[in-house]
Amino acid sequence: MFPASRYSVQVHRCIRALKTVQAETAPPRLYAWRRNGSSTVTPRITSHYTVCPRDKDPRWEGVDMERFADEADVVIVGGGPAGLSAAIRLKQLANEHEKELRVCLVEKASQIGAHTLSGACLEPSSLNELFPDWKERGAPLNTPVTQDVFSILTKKHRIPVPMLPGLPMNNHGNYIVRLGHFVRWLGEQAEELGVELYPGYAAAEILFHEDGSVKGIATNDVGIAKDGSPKDVFERGMELHAKVTLFGEGCHGHLAKQLYKQFNLRENCDPQTYAIGLKELWLVDERKWRPGRVEHSVGWPLKRNTYGGSFLYHLNEGEPLVALGFVVGLDYTNPYLSPFREFQQWKHHPFIAQTLEGGSRIAYGARALNEGGYQSLPKVTFPGGLLIGCSPGFMNVPKIKGTHTAMKSGMLAAEAIFPKVTAEDPASETAGLHIPEYEDNLKKSWIWKELYAVRNIRPSFHNYFGLYGGMVYTGVFYWIFRGKEPWTLKHAGLDSAQLKPAKECTPIEYPKPDGKLSFDLLSSVALSGTNHEGDQPPHLTLKDDSIPVAQNLAIYDGPEQRFCPAGVYEYVPLDTGEGMRLQINAQNCVHCKTCDIKDPSQNINWVVPEGSGGPAYNGM
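Under an unreviewed UniProt entry, the name given to the protein chain is Electron transfer flavoprotein-ubiquinone oxidoreductase, and the source organism is Umbra pygmaea. Of the protein chain, the UniProt comment under Subcellular location (unreviewed entry) reads exactly: "Mitochondrion inner membrane". If you open the UniProt record of the protein chain and go to Subunit (unreviewed entry), you find "Monomer."

In structure tokens, the structure reads:
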């Protein structure tokens, strides 16, 4: 944890409130209600105030709803690579120009880096710009890539693919890292420069000026019972106001979703498309350990028309550690597909199993990632705020890398912001500063050129030959012509609209886990360190509690119980024995956001739980 010496009095008050909230183990209860005079009684699931307003709930009468407010020059939401790089660059500029600048960063994880999950193979270009002396500063980049291996897998065999220079997945000069540890190190550098870091505080609400520009954010309230009523220790969150607010929540941020609608930021781009990435850490037999070796594969067990692939990285961290993972594009069509079980099955391939046999699994996690690339980039500036990092989606999909672009976007944002927030007269037409220079600078940067060059690789997989057609396209139009083709392919549309009805699809029979290479879901979630205060409203909210059974179960055979990598959703019989109901095990949630993305009814809205809740990853 970071020391609390810089916390304001108001923040101390919030900390005390968080510490006094006691965990209660109340059994789940069902609430029956009738909709619009209908005779259909639906079990009540959602009790969160974003769906069930407090001003209409008599239990909230007389509760003090005043919030304390604090002022900063810049507020940053999200303590990932983008947010921390922006904070660091702002303070570097302030120190260079001898300016006073208050920068506050809020992060929903209990510690900086505890919600960070990635492969990760880091391209160090942005780090070299931010800290040319990063080696002397002790950055945890311990494993330079020494070997690149790429394969097409069939059920029993491997077809090697040469890793030619210039292909996007060539990793010469890159480093295998544990990204959570790298992010924690960035947090230490930020704090040394004077950035105020507030881990354990989830930004729950966007605040607006009267003219409609962004004013700042409010952190989440604490001390609310599972049924939505206030506890005796209820405490309002606090408001953080700023001249400009940076939103770096990561992929599919819940505040960014609101900003897209509020400012129509997605008006001129394709819908974003996503994937889910699942990851494990293993300690392996030292004789099978090859520090610096990078392995990627495509093919089995996925069908040719399901986008996805795998990675297996050999780390050099003083012990025989490997990081392995499986990525599945969320534009898949078969509702019976389970990304988690595809991952478990993949580990039984002879080429993969030879590394893992005799080893032990020590960690598990999952996270959604942006795959839309250039075509899906929204407008990133609006009055009072900016979008940075994986929130708008700067990931280079063919490279399977987004950390270097996320960091650079944060640095560009800082450089555009600094002259405005330190000017005596910023000449803004709105109360919250509008800084279009950030988007202009992005379009002039290497980020834009890099994403434009690979823009057609991901959508090229939407053809009859699927994976193989996409690989041919990549070989011809990227490796030979470097993405200079005079056309731009489109994505298929929203991932939530791609599922076919269950009756049109074949159920997938997955093998049972053997407990040696493959494992069940709940024992996997236990390795993520996930924990939430049990007696709070589920943060997986439903706009309409009747839709899961009436539509998702009836038409798609309940796909949320398969696409969730943490066992959050399950259909169980009603107490009467007649029919089914959806049960949400919110305590299991690893904050991957897959449900919000893939739900075919778009009825699930992921919001932040109480601060500090979620996974407790250690260098994932």
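Next comes the rest of the description.
## Concerning the pairing of strand β18 (residues 308-316)
On a regular strand, each side chain points to the face opposite its neighbour's, so the side chains alternate between the two faces of the sheet. Where burial is concerned, most of β18 is hidden: eight out of the nine residues are buried. As judged from the four bridges shared by strand β17 (residues 293-299) and β18, these two strands associate in the antiparallel manner. Considered in β18, the bridge of Val294 is made with Tyr313. Two strands pair when backbone bridges link them, and β18 and strand β19 (residues 320-329) are joined in this way by nine bridges, in the antiparallel orientation. The residue of β19 that forms the bridge with Asn316 is Pro320. In this structure, the hairpin formed by β18 and β19 is closed by a connection of three residues, where Gly318 is found at a positive phi of approximately 90°.

## Section: the pattern of salt bridges
Applying the stated rule across the entire model yields 28 salt bridges. As a salt-bridge pair, Arg236 and Asp221 come within 3.1 Å of each other at their nearest N and O atoms. Of the two residues, Arg236 is situated in the loop between β14 (230-235) and β15 (239-247) and Asp221 in the loop between β12 (214-219) and β13 (222-224); the sequence distance between them amounts to 15 residues. The partner of Arg562 in a salt bridge is Asp557, and the shortest N-O contact between them spans 3.5 Å. Since its relative accessible area comes to 16%, Arg562 is described here as buried.

## Focus: helix α4 (residues 179-193)
Taking 1.5 Å as the rise per residue, α4 with 15 residues should run 21 Å; its terminal C-alpha atoms sit 21 Å apart, in good agreement. Of all the positions in α4, only Leu179, Gly180, His181, Phe182, Val183, Trp185, Leu186, Gly187, Gln189, Ala190 and Glu191 are classed as buried. Contacts from the buried residues of α4 go to α2 (81-96), β5 (121-122), α3 (125-130), β10 (196-199) and α8 (403-421). A positive backbone phi angle near 105° is found at Gly194, which sits one or two residues after α4.

## So, the sheet that holds strand β9 (residues 175-176)
Read from one edge to the other, the open sheet built from three strands follows the order β5-β9-β6, with strand pairing classed as antiparallel. The sheet is open, and its two borders are formed by β5 and β6 (143-144), each paired with just one other strand. In the sheet, β6 pairs with β9 via two bridges, with the strands oriented antiparallel. Looking at the pairing, Thr143 lines up with Ile176 of β9.

## Section: the sheet that holds strand β16 (residues 274-283)
If you trace the seven strands from one edge of the open sheet to the other, you get β8-β7-β17-β18-β19-β16-β20, paired in mixed fashion. Only two strands of the sheet have a single partner each, and these edge strands are β8 (158-161) and β20 (360-370). Each adjacent strand pair in this sheet contributes to an overall mean axis angle of 20°, direction not counted.

## Some remarks on a nonpolar patch on the surface
Residues Leu164, Val472, Val476, Trp479, Ile480 and Phe481 make up a contiguous nonpolar surface patch of about 520 Å² in total accessible area. Summarising the element assignment, Trp479 is placed in helix α11 (residues 467-480). Of the residues examined, Trp479 reaches a relative accessible area of 35% and is grouped as partly exposed.

## Comments concerning the nonpolar core
Ranked by internal contacts, the top residues of the largest apolar core, which has 78 residues, are Leu246, Phe247 and Tyr438. When neighbours within four sequence positions are excluded, Tyr438 is seen to be in contact with Val380, Thr381, Leu386, Leu387, Ile388, Phe394, Ser409, Leu412, Ala413 and Ala416. If you look at the next biggest cluster of nonpolar residues, it comprises 71 residues, including Leu153, Leu281, Leu337 and Tyr510.

## Topic: the side chain of His532
With respect to the element layout, His532 can be found in the loop between α12 (521-526) and β23 (540-542). According to the relative accessible area criterion, His532 is buried, its value standing at 7%. For His532, the side chain forms a polar contact with the side chain of His591, separated by 2.9 Å. One polar contact links the side chain of His532 to the main-chain amide nitrogen of Gly614, over a distance of 3.3 Å. Once you skip the residues sitting within four places of it in the chain, His532 turns out to touch His539, Ala586, Gln587, Cys589, His591, Pro609, Gly613 and Gly614.

## Overview of the UniProt feature "transmembrane region" (unreviewed entry) in the protein chain
When the UniProt feature table is mapped onto this chain, "transmembrane region" (unreviewed entry) is found at residues 461-481. A distance of 18 Å separates the end C-alpha atoms of residues 461-481, which is 67% helix and 0% strand.

## Side note on the packing of aromatic side chains
Applying the stated criterion across every chain, the model contains 16 aromatic pairs. Judged by centre distance (6.5 Å) and plane angle (20°), the rings of Phe326 and Phe343 are stacked. Remark: Phe343 occurs in helix α6 (residues 339-346) and Phe326 occurs in strand β19; sequence separation between them is 17 residues. Judged by relative accessible area, which is 0%, Phe343 ranks as buried. Measuring from centroid to centroid gives 5.9 Å for Phe326 and Trp346, while their planes differ by 45°, and the two rings are tilted. With Phe326 in strand β19 and Trp346 in helix α6, this pair connects stretches of sequence that are 20 residues apart. Counting every residue linked through ring pairs, the aromatic cluster contains Phe208, Phe247, Phe263 and Phe382. Above the plane of the ring of Trp60 lies Arg54, whose end atom (NZ or CZ) is 4.6 Å from the centre. Residue placement shows Arg458 over the ring face of Tyr307; its charged tip is 3.8 Å from the ring centre.

## Points about the packing of α2 against α4
The interhelical angle for the contact between α2 and α4, taken along N-to-C directions, is 25°, at an axis separation of 9 Å. Here α4 runs roughly parallel to α2, going by the angle between their axes. As α2 runs across α4, the sense of the crossing is left-handed. Residues Pro81, Leu84, Ile88, Lys91, Gln92 and Asn95 of α2 lie in contact with α4, whose contacting residues are Val183, Leu186, Gly187, Gln189, Ala190 and Leu193.

## Structural notes on the side chain of Arg236
For Arg236, a relative accessible area of 17% corresponds to the buried category. At 2.9 Å, the side chain of Arg236 forms a polar contact with the backbone oxygen of Met65. At a separation of 3.1 Å, a polar atom in the side chain of Arg236 contacts the side chain of Asp221.

The rules we used
- All residue numbers refer to positions counted from 1 along the written sequence of the respective chain.
- Residue-level local features of this predicted model are given only where pLDDT is at least 70; pairs of side-chain atoms are given and counted only at 80 or more, and the full residue set underlies all totals for whole chains, interfaces and linings.
- Derived side-chain values reflect all non-hydrogen atoms in the structure, with water molecules and hydrogen atoms excluded from consideration.
- UniProt positions are given in the numbering used here, feature names are shortened, and annotations may be inferred rather than shown by experiment.
- For each residue, the accessible area found with a 1.4 Å probe, counting protein chains only, is set against the maximum for its type, and the residue is called buried under 20%, exposed over 50%, and partly exposed in between.
- By the criteria applied, helices consist of DSSP H or I runs no shorter than four residues and strands consist of E runs no shorter than two, each listed in order from the N terminus.
- Any two strands with at least two DSSP-identified bridges between them are counted as paired.
- For this document, the term salt bridge refers to a Lys or Arg side-chain nitrogen within 4 Å of an Asp or Glu carboxyl oxygen.
- Helices are assigned an expected span. That span is 1.5 Å times one less than the residue count.
- Note on contacts: a residue pair qualifies if any of its non-hydrogen atoms lie within 4.5 Å across the two residues.
- For helices, the axis comes from a line fit to the C-alpha atoms of the stretch in contact; other axes are also lines fit to C-alpha atoms, and the angle between any two N-to-C directions lies between 0 and 180 degrees.
- Only residues whose relative accessible area exceeds 30% and that form no salt bridge are eligible for patches; like-charged ones are grouped when within 9 Å, while nonpolar side chains (Val, Leu, Ile, Met, Phe, Trp, Tyr) are grouped when within 5 Å.
- Using a 1.4 Å probe, the Shrake-Rupley method yields the accessible areas, and only the shown protein chains count as cover for residues.
- Nonpolar cores are built from buried Ala, Val, Leu, Ile, Met, Phe, Trp, Tyr and Cys residues. Side-chain atoms within 4.5 Å join them into one set.
- Polar contact is defined as a pair of N or O atoms within 3.5 Å, subject to the rule that within protein one atom must be able to donate a hydrogen and the other to accept it, and that residues adjacent in sequence are counted only when both atoms are side-chain atoms.
- Paired rings are identified among Phe, Tyr and Trp, the last through its six-membered ring, by centres lying within 6.5 Å, and are further divided according to the angle between planes into stacked (under 30 degrees), edge-to-face (over 60) and tilted (the rest).
- Whether a charge lies above a ring is judged from NZ of Lys or CZ of Arg, which has to be within 6 Å of the ring centre and within 35 degrees of the ring normal.
- Throughout, the term roughly parallel applies to angles under 35 degrees, roughly antiparallel to angles over 145, roughly perpendicular to angles from 65 to 115, and oblique to all others.
- Handedness of a helix crossing follows the sense of rotation of the near helix relative to the far helix, less than a right angle counterclockwise being left-handed and clockwise being right-handed.

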